[in-house]
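# Summary of the model geometry
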2 protein chains.
Amino acid sequence: MNPTLFVSRQLVVDFKEKLSGILAHAPRKLDVLEFTPDLKLTPEQQANIEVTFYSRDIWQGTIKTRLSEAAQVYWPIVDSAPNLKWLQVVSAGSDQKPYQPSIKRGLRVTTSAGANAGPVGLTAVAGLLMLSRNFPHWLRAQQKREWAPQLGAASPLDLPGQSAVIVGMGHIGKVIARALHAMDVRTIGVRRNVAPAENFDEVVALSALDSLLPTCDWLILACPLSAETRGLIDERRFRLLPKHAGFVNMSRGEVIDEAALARVLASGHLRGAYLDVFTQEPLVPESPLWAMPNVIITPHNSSTGTGNYQRGVEIFLRNLEAYLRGDEKLENEVERD
Amino acid sequence: MNPTLFVSRQLVVDFKEKLSGILAHAPRKLDVLEFTPDLKLTPEQQANIEVTFYSRDIWQGTIKTRLSEAAQVYWPIVDSAPNLKWLQVVSAGSDQKPYQPSIKRGLRVTTSAGANAGPVGLTAVAGLLMLSRNFPHWLRAQQKREWAPQLGAASPLDLPGQSAVIVGMGHIGKVIARALHAMDVRTIGVRRNVAPAENFDEVVALSALDSLLPTCDWLILACPLSAETRGLIDERRFRLLPKHAGFVNMSRGEVIDEAALARVLASGHLRGAYLDVFTQEPLVPESPLWAMPNVIITPHNSSTGTGNYQRGVEIFLRNLEAYLRGDEKLENEVERD
């Protein structure tokens, strides 16, 4: 028996031609073992699994602490496949709990970073524009069938000419910068390795953050969660922002002090916030953030979009070809310690 | 006594230096007559008015059928100033009722087109993005403190790769096209004189509209109201759009058949609509549009922004210099029949 590629039946059906083409032309043999939620494996089948893809149809969710029924069957198989060498995951980040055993035992792990970047980035821009134009005011008036224009002193500040600090210059940060640049917003990228980048007017190191905050109009988080970014924006940093600044979090809830953000907003500091991610998900019903008049909340769902499945599988298929060819580096490969 | 420039006291205070500089260096003499809402003019003062600016501080509103108190004093003076030669108005269009007597008696009339284009264009983009990502769903869930992701079949269609037909390629249409282009939306401009334009992938004549609608994902109106555009989008044209298409109106309510739009939306055709303008303003409380789940309404207020006053006055001051120099053509001059 050959080693196997362990992927969902759905994926095999949807990408039959491409997948069989890659396997047929590969320099070595890899059979397909189809995952279905009712699957029972023999010890030999379990032992033969070499490659697996935690695809969108197995994942099925947006709650980091709750696994879909399919995923509850999938992960125990993966975690006890003794000869597994490579795991590709559906998400952009590698920080999720189910991936940690694979990372710990030193498997190659690759993510789908970039597949969802378009939807996430444009949703961030939507949230920023909504705050910038104070859409929450208009939407409340609409609910009451009230014609309530914002005039005079209630007019919002002009967006063109304002500056946005974008922490994280990966796929998502780039989509955001490109769109904002076309609205004449000054874009300042923050990353570890400082180097010029398209659509960023300036690029600075994370260590320069404190000096940037007092003059920026928008703070946008689009970085991965890491030891460096955990707790990055605490109460002190929120208060370094000007009173009129807006905040957008597309990263992870753990990158900010969520309770501090609520306090800062309640005190009248900051123009508002758009949040897609939270320390605890689902966001608990008691959170004061839900009902704040200048807070927009989406359920870790900014990535939703019809094209993600296709784009994610395409990354996997490119990686599969590279893996079978024996390439040293795969796309979106997580660095091992 | 010299002929006069009839402008609000507020304007004279706010732009003292620039205004007196222009008047001091002009090739001919023009005195300033300050407007205040309690003003009483002598027949001679009335006769001396040569130039006037209907500025933002006199206008003070967003309701086309209701004049501010200041405007109720201002217009009778303007309309009975026998030697008035040039009127500059605060709005981007020249279709508003108070301007018509001046247009009829053959005065030079100039608008502030362009001053508000940034805010209006970016608000259009905000509304389009909100519809594209189905923010109305998320916002309803937020109000109920519900974590309700859009997944699977409920995922919204990807914006990149979609096409937007933008009717009107003036200042507002250009702002919209530039932003959408940076989101990989295919932009198709519609105007009278077909010629290539930056950030428009294609430019077509108004007569080609029917052939464009069945394949476009977004229809955006950013044209002036004119004999040609009045009633442009009727029920037949709304139904030519694909079922999934979205509609954005930043033009004038009279450019569409508003009742037809409500019928079309109620029938499940169209993904949704963002409307800033209406046939009757304020939009009547009985309108079904207010409560439709996929309709976003703003009170003819998309132009609101802190920079408009400054930008509008700058257009007026440039025109004032040109007028005093005796230029044949002023900026934003309305064509006379």
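### Points about the sheet that holds strand β11 (residues 272–275) of chain B
All names here are of chain B. Taken in spatial order, the seven strands make up an open sheet running β8-β7-β6-β9-β10-β11-β12, and their pairing is parallel. Whereas interior strands pair on both sides, the edge strands pair on one side only; in this sheet they are β8 (202–205) and β12 (295–297). Averaged over all neighbouring strand pairs, the angle between strand axes comes to 15°, with direction disregarded. Across four bridges, strand β7 (residues 186–191) lies against β8 in parallel orientation. By the bridge assignment for β8, I188 is matched with E202. Of the strands in this sheet, β9 (218–221), β10 (246–249), β11 and β12 touch helix α7 (residues 117–132), which is tilted by about 160° from β11.

### Points about the environment of B:K97
Along the chain, B:K97 falls in the loop between β4 (86–89) and α6 (100–104). Remark: the alpha-carbon pair of B:K97 and B:K64, spanning 33 residues in sequence, is separated by 7.9 Å.

### A word on the environment of B:Q46
Residue and element names in this part refer to chain B. By the secondary structure assignment, Q46 is in helix α3 (residues 43–48). Residue classification places Q46 among the buried positions, given a relative accessible area of 14%. Separated by 40 residues in sequence, Q46 and W86 have C-alpha atoms that sit 14 Å apart. Among all residues touching Q46, those that are not within four sequence positions of it are L41, P76, I77, S80, A81 and P82.

### A short note on the side chain of A:N301
Structurally, the position occupied by A:N301 is in the loop between β12 (295–297) and α13 (308–325). There is a polar contact of 2.7 Å between the side chain of A:N301 and the backbone nitrogen of B:Q150.

### Some points on the side chain of B:E333
Residues and elements named next belong to chain B. Among the structural elements, E333 can be located in the segment after α13 (308–325). Of the residues examined, E333 reaches a relative accessible area of 12% and is grouped as buried. Among the polar contacts listed, one links the side chain of E333 to the side chain of R108, at a separation of 3.0 Å. Among all residues touching E333, those that are not within four sequence positions of it are R108, V109, T110 and E328.

### A word on the domain arrangement of chain A
Residue and element names in this part refer to chain A. Per the domain assignment, the segments making up chain A are domain 1 (4–115 + 306–325) and domain 2 (117–297). Inter-centroid distance (C-alpha atoms) of domain 1 to domain 2 is 34 Å. Domain 1 puts 13 residues into the contact, and the matching count from domain 2 is 10 residues. Carbon and sulfur atoms make up 45% of the area that domain 1 and domain 2 hide from each other, which totals about 800 Å². Together, K64, D95 and G114 form the three largest contributors to the area buried by domain 1 at its contact with domain 2, with a combined 56%. Inspection of the domain 1/domain 2 interface yields one salt bridge. Applying the counting criterion to the domain 1 and domain 2 interface returns two residue pairs in polar contact (both at pLDDT 80 or more). A per-class count over the side of domain 1 that touches domain 2 returns three nonpolar, six polar and four charged.

### Here we look at the relation of the copies chain A and chain B
Rotating chain A by 180° about the axis while translating it 0.0 Å along that axis superimposes it on chain B, leaving an RMSD of 0.1 Å. The operation mapping one copy onto its partner corresponds to a two-fold rotation axis. The residues that chain A uses at the interface reappear at the interface of chain B in 100% of cases, marking a shared surface.

### Observations concerning helix α8 (residues 135–143) of chain A
Those residues of α8(A) not exposed but buried are A:F135, A:P136, A:W138, A:L139, A:A141 and A:Q142. Phi turns positive one or two residues past the end of α8(A), at A:R145, with a value near 55°.

### So, the interface of chain A and chain B
Listed as interface residues are 63 residues of chain A and, on the opposing side, 64 residues of chain B. Across the chain A to chain B interface the summed buried area is about 5000 Å²; carbon plus sulfur atoms make up 64%. Linking chain A to chain B there are four salt bridges. A:R311 is paired through a salt bridge with B:D158; the nearest N and O atoms lie 3.0 Å apart. The tally of links from chain A across to chain B stands at 37 residue pairs in polar contact (both at pLDDT 80 or more). Of all the secondary-structure elements, those providing two or more residues to the side of chain A that touches chain B are α7 (117–132), α8, α9 (171–181), β12 and α13 of chain A.

### A closer look at the nonpolar core
Inside soluble globular proteins, nonpolar side chains tend to come together where they are buried. Among the nonpolar cores identified, the biggest contains 66 residues, and A:M183 and B:M183 are the most heavily contacted of them. When sequence neighbours within four positions are dropped, the list of residues in contact with B:M183 reads A:L122, A:V125, A:A179, A:M183, B:V125, B:L129, B:L159 and B:P160.

### Regarding the pairing of strand β3 (residues 49–54) of chain B
Residues and elements named next belong to chain B. Across the six residues of β3, six count as buried, placing the element largely inside the fold. With three bridges connecting them, strand β1 (residues 4–8) and β3 associate as parallel partners. By the bridge assignment, T4 is partnered in β3 with I49. Judged from the four bridges that link them, β3 and β4 form a sheet pairing that is parallel. Among the inter-strand pairings, V51 is bridged to a residue of β4, identified as W86.

### Focus on the pairing of β4(B)
All names here are of chain B. Alternating residues of β4 divide into W86 and Q88 and L87 and V89, and every residue in both groups is buried. Note that β4 and strand β5 (residues 108–110) share three bridges and pair parallel. Across the sheet, W86 pairs through a bridge with R108, a residue of β5.

### Remarks on the sheet that holds strand β2 (residues 31–35) of chain A
All names here are of chain A. On the basis of which strands lie adjacent, the open sheet formed by five strands has the order β2-β1-β3-β4-β5 and parallel pairing. The open sheet is flanked by β2 and β5 (108–110), the only strands paired with a single partner. For this sheet, the mean angle separating the axes of adjacent strands, direction not counted, is 20°. Packed onto the sheet, helix α5 (residues 69–79) meets β1 (4–8), β2, β3 (49–54) and β4 (86–89) and runs at close to 150° relative to β3.

### Section: helix α12 (residues 258–266) of chain B
All names here are of chain B. Within α12 the residues assigned to the buried category are E258, A260, L261, A262, V264 and L265. Close packing links the buried residues of α12 with α11 (235–240), β10, β11 and β12. Among the residues of α12, the N-terminal cap falls to D257, whose side-chain oxygen and the backbone nitrogen of A259 are separated by 3.3 Å. Just beyond α12, the residue with positive phi is G268, at close to 90°.

### Section: the pattern of salt bridges
Residue and element names in this part refer to chain B. Throughout the structure, instances matching the rule amount to 28 salt bridges over all chains. Ionic pairing is found between R236 and D210, a salt bridge with its closest N-O pair at 2.9 Å. Placement of the pair is R236 in helix α11 and D210 in helix α10 (residues 209–212), with a sequence separation of 26 residues. With a relative accessible area of 26%, D210 lands in the partly exposed category. E235 is the partner of R239 in a salt bridge, and the nearest nitrogen-oxygen pair spans 3.2 Å.

What counts and how
Residues numbered from 1 in each chain as written. Chains lettered and ligands numbered in written order. Predicted model: local features only at pLDDT ≥ 70, side-chain atom pairs only at ≥ 80, totals over all residues. Heavy atoms only, no water. Pairing = 2+ DSSP bridges. Helix = DSSP H or I, 4+ residues; strand = E, 2+ residues; numbered from the N terminus. Axes fitted to C-alpha atoms, helices over the stretch in contact; angles between N-to-C directions. Contact = heavy atoms within 4.5 Å. Buried < 20%, exposed > 50% of the residue type's maximum accessible area, 1.4 Å probe, protein only. Polar contact = N/O pair within 3.5 Å; in protein donor to acceptor, adjacent residues only side chain to side chain. Domains from an automatic or database assignment. Buried area = accessible area lost by both parts, 1.4 Å probe. Salt bridge = Lys/Arg side-chain N within 4 Å of Asp/Glu carboxyl O. Nonpolar A, V, L, I, M, F, W, Y, C, P; charged D, E, K, R; others polar. Least-squares fit on C-alpha atoms with pLDDT ≥ 70 in both. Core = buried A, V, L, I, M, F, W, Y, C linked by side-chain atoms within 4.5 Å.

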